[in-house]
Amino acid sequence: MTAQDIENAVKAELRRIAPDIDPAEVVPERSLREQYDLDSIDFLNLMAALGKRFGLPMPEEDYPRLATISAIVAYIAEKSDQPR
């Protein structure tokens, strides 16, 4: 899976959780909470959806480093390459 595939999947999940967000307008390096005023419940739902979609554990202690689309993509790519 490429970084672009992961980014597309993250944007699809984001769109499902927050339908008013236009994925084409997301700035990958900017905080999702700043861009879209995501509340903590939306963020938790996004992390749960991504964990399920990619079959990866997304522990709460990792959430602070997952503030942007770019960070989420890098995290999923890193975790996907590790043996489970």
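Just above, that's the structure.
This structure is a prediction, so every number in the text was calculated from the model and none was measured.

**Student:** With reference to specific residues and values, describe the nonpolar core.
**Tutor:** Residues Met 47, Leu 50, Ile 72 and Ile 76 are the most contacted members of the largest nonpolar core, which totals 25 residues. Contributing elements (two or more residues each) for this core: α1 (3–17), α3 (40–54) and α4 (69–81). Looking at this core, the element that brings in the most residues is α3, giving 6 residues. In this structure Leu 50 touches Ala 9, Val 10, Glu 13, Gly 55, Met 58, Ile 72 and Ile 76, once residues within four positions along its chain are discounted.

**Student:** Outline the pattern of salt bridges, supporting the account with residue identities and numerical values.
**Tutor:** This model, assessed by the stated rule, comprises 4 salt bridges. Between Lys 11 and Glu 7 there is a salt bridge, with its nearest N and O atoms 3.0 Å apart. Of the two residues, Lys 11 and Glu 7 both sit in helix α1, 4 residues apart, roughly one turn of that helix. What makes Glu 7 buried here is its relative accessible area of 16%. Between Glu 13 and Arg 16 there is a salt bridge, with its nearest N and O atoms 3.0 Å apart. In this pair, Glu 13 and Arg 16 are both assigned in helix α1, 3 residues apart and thus about one turn of the helix distant. Residues participating in the shared-partner salt-bridge network are Glu 13, Arg 16 and Arg 53.

**Student:** Tell me about α3, and name the residues and values.
**Tutor:** Taking 1.5 Å per residue, 15 residues should reach 21 Å; α3 reaches 21 Å between its end C-alpha atoms and fits that length. For α3, the complete set of buried residues consists of Phe 43, Leu 46, Met 47, Ala 49, Leu 50, Gly 51 and Phe 54. Tucked into the core, α3 has its buried residues touching α1, α2 (32–36) and α4. Capping the start of α3 is the job of one residue whose side-chain oxygen sits 3.1 Å from the backbone nitrogen of Ile 41: Asp 39.

**Student:** Could you give an account of the packing of aromatic side chains, naming the residues involved and the relevant values?
**Tutor:** Working definition: an aromatic ring pair is given by the centre-to-centre distance plus the angle between the planes. Enumeration according to the criterion identifies 1 aromatic pair in this entry. Ring plane angle 85° and centroid distance 5.5 Å describe the contact between Phe 43 and Tyr 63, whose orientation is recorded as edge-to-face. Taken as a pair, Phe 43 in helix α3 and Tyr 63 in the loop between α3 and α4 lie far apart in primary sequence, 20 residues in all. The exposure class of Phe 43 is buried, given its relative accessible area of 5%. Directly above the ring of Phe 43 sits Arg 33, whose terminal nitrogen or CZ lies 4.7 Å from the centroid.

What counts as what
- Residues numbered from 1 in each chain as written.
- Predicted model: local features only at pLDDT ≥ 70, side-chain atom pairs only at ≥ 80, totals over all residues.
- Heavy atoms only, no water.
- Core = buried A, V, L, I, M, F, W, Y, C linked by side-chain atoms within 4.5 Å.
- Buried < 20%, exposed > 50% of the residue type's maximum accessible area, 1.4 Å probe, protein only.
- Helix = DSSP H or I, 4+ residues; strand = E, 2+ residues; numbered from the N terminus.
- Contact = heavy atoms within 4.5 Å.
- Salt bridge = Lys/Arg side-chain N within 4 Å of Asp/Glu carboxyl O.
- Expected span 1.5 Å × (residues − 1).
- Polar contact = N/O pair within 3.5 Å; in protein donor to acceptor, adjacent residues only side chain to side chain.
- Phe/Tyr/Trp six-rings, centres within 6.5 Å; stacked < 30°, edge-to-face > 60°.
- Lys NZ or Arg CZ within 6 Å of the ring centre and 35° of its normal.

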